[in-house]
Amino acid sequence: MKQLFHLQINGEGIQVAAPVQKTLLEVLREDLGLTGTKHGCEVGECGTCTVLIDGKPVLSCLMLPVECQDCEIVTIEGMSLAGRLHPLQEAFAELGAAQCGYCTPGFLLAARGLLEGTAAPSRSEIEQALAGNLCRCTGYLKIYEAVELAALRMRGLDPVT
Amino acid sequence: MLRLPSFDYFQPATTEEVAAILHAEAPACAVVSGGTDLFPKMKRRQLAPRTLISLRRLGALHRVAGEPEEGIVIGARVTLAELERNPMLCSRYPAVAAAARAISSPPLRNAGTIGGNLCVDTRCTYYDQTYEWRKAIDFCMKKDGHVCWVAPSSPRCWAVASSDLAPVMIALGAKVRLLSKQGDRLIPAAELYRNDGIEFLSKRPDELLTEIHLPAVSTDLMVYKKLRRRGAIDFPILGVAIWLRPSAAERSVIEQGRIAITAVASYPFEVEAARKLFRGARLNCEVIEQAAEAAWKRAKPLDNTDLDMSWRKEMVRVFTRRALQELSDNLCG
Amino acid sequence: MTTNYKIIGKPLPKVDARAKCTGETKFADDLFFPRMLFAKLVRSTQPHALIRGIDLSRARRMEGVKAFLLGNELPIPFGILPVSEDEHALCIDKVRFVGDPVAAVAAVDEETAEEAARLIEVSYEPLEPILSIEKALATQSPQIHDYAAEGNIHKKVALQFGDVEEALGDSDFVLDDLFFYQGSTHLPMEQHSAAAKLESDGKLTVWSSTQTPHYVHRAVAKVLEMPAAHVRVIAMPNGGGFGGKSDPFSHEIVAAALARKTGRPVKITLTREEVFYCHRGRHPVLMRSRLGINKDGTITGLDFQTILDGGAYGSYGVASTYYTGALQTVSYQIPRYRFRGARVFTNKPPCGPKRGHGTPQPRFGLEIQMDKAAERLGIDPAELRLKNLVQPHSLTANWMRVGSCALRECIEKVLQGSGWSKKFRKLPTGAGVGLACSAYISGAGLPIYWNDMPQSGVQLKLDRSGGVTCFCGSTDIGQGSDSVLAYIVAEILGIDPLDIRVVTADTDLTPVDLGSYSSRVTLMTGNAAVQAAERARAILFDAVSVKWKIPKSQLIAGGRKIFDAEDPAREITFAAAVQLAEAMFGTIGTVGSYKPPASAARYKGGGVGPSPAYSFTACVAEVNVDVETGIVTVPCIWIAHDLGQAINPLLAIGQAEGSVYMGLGEALMEEQVFRRNVHQIPSMLDYKSPTTMDMCNVVTYLVESPDSNGPFGAKELGQGPLLPVMPAICNAVYDAVGVRIDEIPITPEKVLKALRAKNAGKPARFGPGEFPPLDFGEVRIVPPPWEGGDGTAVKQPPAVFRMRDD
């Protein structure tokens, strides 16, 4: 049986009817067409489906919509504003941090979660913050570099690269 | 995509309501807070509660209160991320923060809670699998079957205790509050656990774990050391928690101390022999070696988690020794 | 080298980089069509059994269930290699591993399909399961496949290039070592997914997460008995492949068959567990290597034996078997060489090509053995390698034609970068460095099914707007092949890569490219793109030269313009040039294609190993070994790779770092293991893939030695940099604590056992103890180039040949 949920996704109020057991991941992808959120295991082991809830990275495969009705949900589709990419997205694209791109939305949101609390993270803090997101393509190094570049730019320091 | 089975969902506003629903529905119901343990297990059809009771609206359980000098009360809904970042816990109960930080990965710690971790289901590579996988081995006694495949001649289940926080609570001598319609009770954390892979908690199905009471600390020392294959995501395959209270008169003398270990049996347990060893002792090489030996003796890892079981048993000695050496450095330094 | 290029050699972002960072890129499972049905496969819960019955009655009663599919509805077998078409879309009478697909059900949603699949009851008559190499060799019956060479041995190979026994007999000493390389899987982040839809005109479209749409096209048409012209396969961007999406798969064919059966779109997305069952990953390989060497450090001969645990089906296995013997000769000069290999069938998910396809295993053995040889000789392992380096533009004993080669420079780079001379045998106990090298193919010389057609084709359409569309069958699996096409075409036409729309991997729209495997894409599609673009530029130059009345040779394309080289102020925009040409010659379109040169290896079995160009890699790993726990950590890896010419150094470094990552995982933690006949750990939690906390620092050196066979001189680098990582780490462990780990992964208990053995005065080693006696069959004898012959096998051994017992 479906229930009506009132969700705040990427700054918009959205109503969606779904069975209570349908996870946020499924509702985003299957009911709302927000397929930018990917899935790699659906049991909390890979980080691919990471979204932000009230600014914190969480796994949408383990979230029920009924539990986030009073929260701000941000998905990858909500990271860029008015056609302008978020500095993290710019840096990921520029530095080759996305190879196959499948884990990328999860990494971007986890990184955004980090930068919202820590404006100038150390390499070690980046590693720690991204430790729940698996990537099989990059070996993570380009991802670190992209996070560092975005962090600099967000503080108004644009290094000449 | 793995999906959840259907269930009835309640979001009560008070602990009394929770207790009432538990009373009516247990054992075919489950309490959900972070969902990081429950949902994967439901998706794999290891657990199939008819009713889910969410703790989401219980703000009272989402608090850390008290002072280290008198003891601290942590609500069951406090997330692992909140624990690891709590300045008071970091400075005065560092093993609690360290154990929380060692759990899984950042997004899971943002959702997972202390109550959930203390009640985390026991794990086993024959059990933590999908329905179809378990069918292929003809199921195991923890779910849908009759045999414990780790020890097929054994009458009991040998699934492994996998909470990182539990050994810390046991070593600290923390207590947990359990609430039910019959009232509530405060029991030592050590008594929360039973040495059985299936009935691994003494908490009754109609009881709710509401609070964790940490004892007062002054100059106490504590440490948590975790063994796992990777630097993140993995459950412990060994966790050693040690708490030492130096004598007020002479800091290099231990007044009291406890070692608790996890992931080497179906329950986290205290190494009792160490308690006797520590009382009034100085933490010299000999005491450290004896304590490590005592811990090693108690550990009975089996072949149902990651890496080689005899190697894991050896690591109990190494990790206990190293944890004690670290504390010894602190005592002297 | 790169100074004259505008785009080639520049660290540009990928053409699809922004789409991948915004969630815009659509992967196969992101496709949703109106009225779409969702299907699930019922997979065998038995490792080896006859199917006695399939009861659909309970599932049939479920609301929302729309169709079932059973094996006998699709009786035609398929398989990637024509010599081993041994798979059925759904098993018909027999299952061969836990996870083998048996039946399928389509329903209105995935939940219903999953529930219905659970209600389908399959009854089995169990057969003896075979889970190991030893058991496969010992079991004549039951056979997993009755077409096996004998018993459960799928394939045997024996090749000899010169009298190896004589060479070893005359050597100052011979090292004789056993190695075991555990299997591992690709673990792409994206689970495989396929959707299919039948149009009202009877034509079928399949969208799939595949690296090889061309082969899927062939398999779907064949099994569904449809004209291939009525089947369209579109490869969606792959969320990681690494070789794991290179076979045609059951779920692709089943989705197509169910779409045809129901008249509705059907999608099947595998669960993570099912991805472990698809597998096609690294073969576990047991090896025996006998290396002859003289006191002066010269290699005299190599006798290499391998036994591959193939799993339940053929897949690429015959090629994998040959690959365990093909490339040892491509890094060092080995005057005489014998290779004997066998692949056995076991009741496990089929093995196939994982990054490095069949070559990481023998490379592992050989590079550790080189380290042992250097130790025995008392020389630096780098010196031993440098002494025996393969020469550029030479033939190897097994007739591989080496082109450009900068392995020497690669070795020098990593030695210098890592501070080798200050570290090797000089770091305190517990810390160590290790060196290893490798070589890899830039695409295979021969296509998978025998034909004389090009292996890659590119079509260009020049639009009067100034836009260019580039059509090519190649598949972007994250490596950046779409971008490489755009860079090459843009470089030649003098426009911006973003002016080019790249249309790839669609069997209706794009000319055939065989797929993203064997590191072939940059070289082969690159060459095809060069040809198509040069032809297009020639048309534009024709038009402009006529208009300006100057010779074509005087024209230059660049900056979206065409210039007169002698009067650079004289220019015409690219768009205007296209309009001019279109007015003169009609609609502008060109094609380019590529077929590798003929191989020098003309013996049977010589089809595996030849390549238009070989890449070379050198690697130094630094490790710390905790002697109390046996835990090995890797702070840094230095990797130098001869890639011919970097088309884009940014992407190139990304490939090298990713290869090191995957190699690190294989070296330390990844293993595809079985217990009670079932995959022990089919999950992202228990199959250990390194996290950010486990990744090492990587210092990459791109070494350029343009090869005349590569586009702008480019060679491969998607796979090669993985190869030396595992042996370099093992060699570093030896440097750190003096024990040999002749088996990967290097788990802490193995290190501890080896340390204990060392302390007890036993051989300081962990590794396999024996190599089963196996008759590899008649040896095919091919004289190496320096002993005469023409690259073909000879009936009689040359006069010098004499048989010896080994």
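All residue numbers refer to position in the chain's written sequence, counted from 1. Starting at A for chains and at 1 for ligands, labels are handed out in the order in which the entities are written. The predicted origin of the model limits local features to residues at a pLDDT of at least 70 and limits the giving and counting of side-chain atom pairs to 80 or more, whereas totals for whole chains, interfaces and linings rest on all residues.

> What am I meant to see in helix α5 (residues 141–154) of chain A here?
An α-helical segment advances 3.6 residues per turn. Residues three or four places apart therefore align on the same side. Going along the chain from the N terminus, every DSSP run of H or I of four or more residues is numbered as a helix, and every run of E of two or more is numbered as a strand. To estimate the expected span of a helix, subtract one from its residue number and multiply by 1.5 Å. Over its 14 residues, α5(A) extends 20 Å from the first C-alpha to the last, a length consistent with the 20 Å expected when each residue adds 1.5 Å. All of the buried residues along α5(A) are Leu141(A), Lys142(A), Ile143(A), Tyr144(A), Ala146(A), Val147(A), Leu149(A), Ala150(A) and Ala151(A). Remark: residues whose backbone-derived C-beta atoms lie within 7 Å of one another are considered to be in contact. Elements that come into contact with the buried residues of α5(A) comprise α2 (87–95), α3 (104–117) and α4 (123–129) of chain A together with α17 (649–668) and β30 (697–703) of chain C. Gly156(A), located one to two residues past α5(A), shows a positive phi value of around 80°. Neighbour density around each residue's C-beta defines its exposure: 20 or more other C-beta atoms within 10 Å make it buried, 12 or fewer make it exposed, and counts between make it partly exposed, where C-beta atoms are placed from the backbone.

> Help me understand the interface of chain C and chain B in this model?
Quoted interface sizes are often the accessible area lost when the parts come together. Each partner contributes to the interface: chain C provides 29 residues, whereas chain B provides 23 residues. Examining the composition of the side of chain C that touches chain B, we find that four residues originate from one element, helix α3 (residues 110–119) of chain C, more than from any other. Each residue is assigned to one of three groups, with Ala, Val, Leu, Ile, Met, Phe, Trp, Tyr, Cys and Pro labelled nonpolar, Asp, Glu, Lys and Arg labelled charged, and all others, Gly among them, labelled polar. The residue inventory of the side of chain C that touches chain B, partitioned by class, reads 10 nonpolar, seven polar and 12 charged.

> Honestly, the confidence of the model for chain C in this entry has me stumped. Any pointers?
As a per-residue measure, pLDDT reflects the predictor's confidence and takes values from 0 up to 100. Confidence along chain C averages 97 in pLDDT terms, with 98% of residues attaining 70 or more. Overall, residues 801–806 of chain C carries pLDDT values under 50, and its contacts beyond four positions in sequence, including any with other chains, amount to seven contacts.

> How do you make sense of the packing of α3(A) against α5(A) when you look at a structure like this?
Any two packed helices are characterised by how steeply their axes cross, that is the angle between the axes, and by the distance between the axes. Residues and elements named next belong to chain A. Lines are fitted to the C-alpha atoms to define the axes, a helix being fitted only along its stretch in contact, and any angle between axes, read from their N-to-C directions, falls within 0 to 180 degrees. Viewed as axis vectors pointing N to C, α3 and α5 meet at an angle of 45°, and their least axial separation amounts to 11 Å. As judged from the angle between their axes, α3 and α5 are oblique. Along this stretch, α3 crosses α5, giving a crossing that reads as right-handed. For the pair formed by α3 and α5, the contact residues are Phe107, Ala111 and Leu115 on the first element and Ile143, Val147, Ala150, Ala151 and Met154 on the second. Of the residues in the contact of α3 with α5, the class split is eight nonpolar, no polar and no charged. Oblique is the label for any angle not under 35 degrees, not over 145, and not in the 65 to 115 range, which are roughly parallel, roughly antiparallel and roughly perpendicular in turn. In this scheme the handedness of a crossing depends on how the near helix is turned from the far one: anticlockwise by less than a right angle means left-handed, clockwise means right-handed.

> What exactly am I supposed to notice about the sheet that holds strand β14 (residues 299–309) of chain C here?
To summarise the sheet geometry, strands pair through backbone hydrogen bonds and adopt either a parallel or an antiparallel arrangement. One requirement defines pairing of two strands: DSSP has to find at least two bridges between them. With mixed pairing, the seven strands of this open sheet are ordered in space as β32-β8-β13-β14-β15-β7-β34 (chain C). If you trace the sheet from one side to the other, it starts and ends with β32 (743–744) and β34 (780–781) of chain C, each paired once.

> What should I look at first to understand the interface of chain C and chain A in this one?
Contact residues are listed per partner, giving 40 residues for chain C and 37 residues for chain A. Elements that contribute at least two residues to the side of chain C that touches chain A include exactly α1 (17–20) and α17 of chain C. Ranked by the residues each element gives to the side of chain C that touches chain A, the list is headed by α17(C), at seven residues. Among the residues forming the side of chain C that touches chain A, the class breakdown is 18 nonpolar, 14 polar and eight charged.

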